[in-house]
Amino acid sequence: MIKHILNRLPRKPSKSSDSRDGGTFSSSSNASTSSRNGDLASNRYANSSGTSFSGFKSTPSSGLNQGNKISQVVNAKLNGNTFAASFEALPSFRDVPNSEKQNLFIRKLNMCCIVFDFTNPTKNIKEKDIKRQTLLELVDYVSSASGKFSEFVMLEIVKMVSINLFRTLTSPPRENKVLEAFDLEEDEPSMDSAWPHLQVVYEFLLRFVASPETDAKLAKRYIDHSFVLRLLDLFDSEDPREREYLKTVLHRVYGKFMVHRPFIRKAINNIFYRFIFETEKHNGIAELLEILGSIINGFALPLKEEHKLFLVRALIPLHKPKCIPMYHQQLSYCITQFVEKDCKLADTVIRGLLKYWPITNSSKEVMFLGELEEVLEATQLAEFQRCMVPLFRQIGRCLSSSHFQVAERALFLWNNDHIGNLIKQNRIVILPIIFPSLEKNSRNHWNQAVQSLTLNVRKIFSDTDPELFEECFHKFEEDEARENEVKSKREATWKRLEGIAAMKAASNEPVLVSPKAIARKPSC
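This report concerns the structure included in the present document. Each chain has its residues counted from 1, running along the sequence as written. Restriction of local features to residues with pLDDT of at least 70 applies here, the model being predicted, together with a cutoff of 80 or more for giving and counting side-chain atom pairs; totals for whole chains, interfaces and linings are based on all residues. Computation of side-chain values: all heavy atoms of the structure, hydrogens and water removed.

**Digging into the overall build of the chain**
Then comes step 1: Helix and strand definitions here come from DSSP, where helices need a minimum of 4 consecutive H or I residues and strands a minimum of 2 consecutive E residues; each element is numbered from the N-terminal end. A tally of helices and strands in the chain yields 25 helices and zero strands.
Then comes step 2: Relative accessibility under 20% of the residue-type maximum defines a buried residue, over 50% an exposed one, and the middle range a partly exposed one, all with a 1.4 Å probe and only protein chains included. Counting all 524 residues of the chain, 45% fall into the buried class.

Structure (structure tokens):
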């Protein structure tokens, strides 16, 4: 009786029955495996980019299941578990019929979702080489693809790219050198040991984004805001090769996905704000500015208020950090692009430069003068007249600088024909401001080249308007005589005070001098 009851209970299927049942059970088993691996990959992507694709429904093929099994096994090995199967290369695309190429593509993508440890060059050498060859095959496949990529293929592509690229950046400690631009330029950049794989993944992503077979309306669901943010985070990489690739990729994303453009600009703004006002530490400012230079060049006229605010709130304050030499060339290009787009912005830009003008850093001052020349070259008369008084007060201080490169760079402004014409048209205002600096340079500056350039500038003014020049010269002599008189009175006052102190010192009496008495004595 008991035996009869036990025979009615369902039995656990054996391995032989699995293979006999074939289609149905095998399919459900593979679907389960695919689901688990899909969840694992989805979770890894979510951890790295904040987005999960677990809600996307699809019917994976047997090829995908095989790729997922390989991924699961090798990940188990990399995590220190028993390595149950070998990491073997998949067939080449040319060895399979066209009908199987997409399935093989998916399998290769899943195979490349395995991330190896590159800190130990002797570990997984064979597997690393197989993965790199597979990545190169994927690049060729995307480059020569004929036919639109399906939504499921896009999902798998973005998943593979995300798992490989989106990681925590590590940088060696640099003590306090991070703020010293010239120290940073002398330091060797840190190269990522995983670059042999990362480079091919970047190339794959670049070809995918640029491919005419990539439908932007579909792809924007996966190359979304979260994906863009993680790309931007990678710009802080120490490896200049990675930043160069990122620059190209982000530029292509900006060009292809018009819906993302405002978000990309805003995200770059936020990076700049954090850099300017909080950290002053970021490796990719130059590359981000290079992208923006191209974007600004394509702005339509008239400029939107959003773009003008970006100039005032982000680009101009970027002149503040100490490490500006690392990105000044790109920053200067962006600033000049704005002035060329809208000449009315010249006054805003010049006053912004004056606000952040360096006081004790001569090399930075030379850079500012170079940028100022580029801005003035695109400046029209009306805007020039609005800011010429504070501008030439600063130029006058530069002319008087004891650092010969600063004085020389300021004098080079007169070699620019456009700037020279602007100065000539407004010489009545400008010459009285800078004449004392020119006169003192011609008499006393220690550098012969600065003296020679100063004499050339003086000659330009004297030839253009002799009467104004003579008037400024007489005014300078009067001011100098008055200054000498004040100086001699000051010295006489100090001598008188020293005499009183000497007399009191003999009798050990304290010396008490009234400020009012000191003020009255020089006028006696």
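Additional details are given in the paragraphs that follow.
**Focus on the environment of Leu 455**
Then comes step 1: The topology assignment puts Leu 455 in helix H23 (residues 448-464).
Then comes step 2: In this structure the C-alpha to C-alpha distance between Leu 455 and Arg 443, which are twelve residues apart in sequence, comes to 9.8 Å.

**Regarding the pattern of salt bridges**
Where side chains of opposite charge bring their charged atoms close, a pairing between them can arise.
Then comes step 1: Salt bridge, as used here: a side-chain nitrogen of Lys or Arg that lies within 4 Å of a carboxyl oxygen of Asp or Glu. If you walk through the whole model with that rule in mind, you get 23 salt bridges.
Then comes step 2: For Glu 287, the salt bridge identified is with Arg 243, shortest N-O distance 3.3 Å. With Glu 287 in helix H14 (residues 285-297) and Arg 243 in helix H12 (residues 240-256), this pair connects stretches of sequence that are 44 residues apart. Exposure class is identical for Glu 287 and Arg 243. Each is buried.
Then comes step 3: The shortest N-O distance in the salt bridge between Glu 439 and Arg 458 comes to 3.0 Å. You can see Glu 439 sitting in helix H22 (residues 427-444) and its partner Arg 458 sitting in helix H23, a full 19 residues away along the chain.

**Thoughts on the packing of aromatic side chains**
The geometry of an aromatic ring pair is captured by two quantities: the separation of the ring centres and the angle between the planes.
Then comes step 1: Note on aromatic pairs: the rings of Phe, Tyr and Trp (six-membered ring only in Trp) are paired at centre separations within 6.5 Å, and the planes decide the class, stacked below 30 degrees, edge-to-face beyond 60, tilted for the rest. Applying the stated criterion to the full structure yields 17 aromatic pairs.
Then comes step 2: Ring centres of Phe 105 and Tyr 141 lie 4.5 Å apart, and the angle between their planes is 25°; on these two criteria the pair is classed as stacked. Of the two residues, Phe 105 sits in helix H5 (residues 98-111) while Tyr 141 sits in helix H6 (residues 125-143), which places them 36 residues apart along the sequence.
Then comes step 3: Taking relative accessible area as the criterion, Phe 105 reaches 1% and is therefore assigned buried.
Then comes step 4: The class for Tyr 141 is buried, based on a relative accessible area of 19%.

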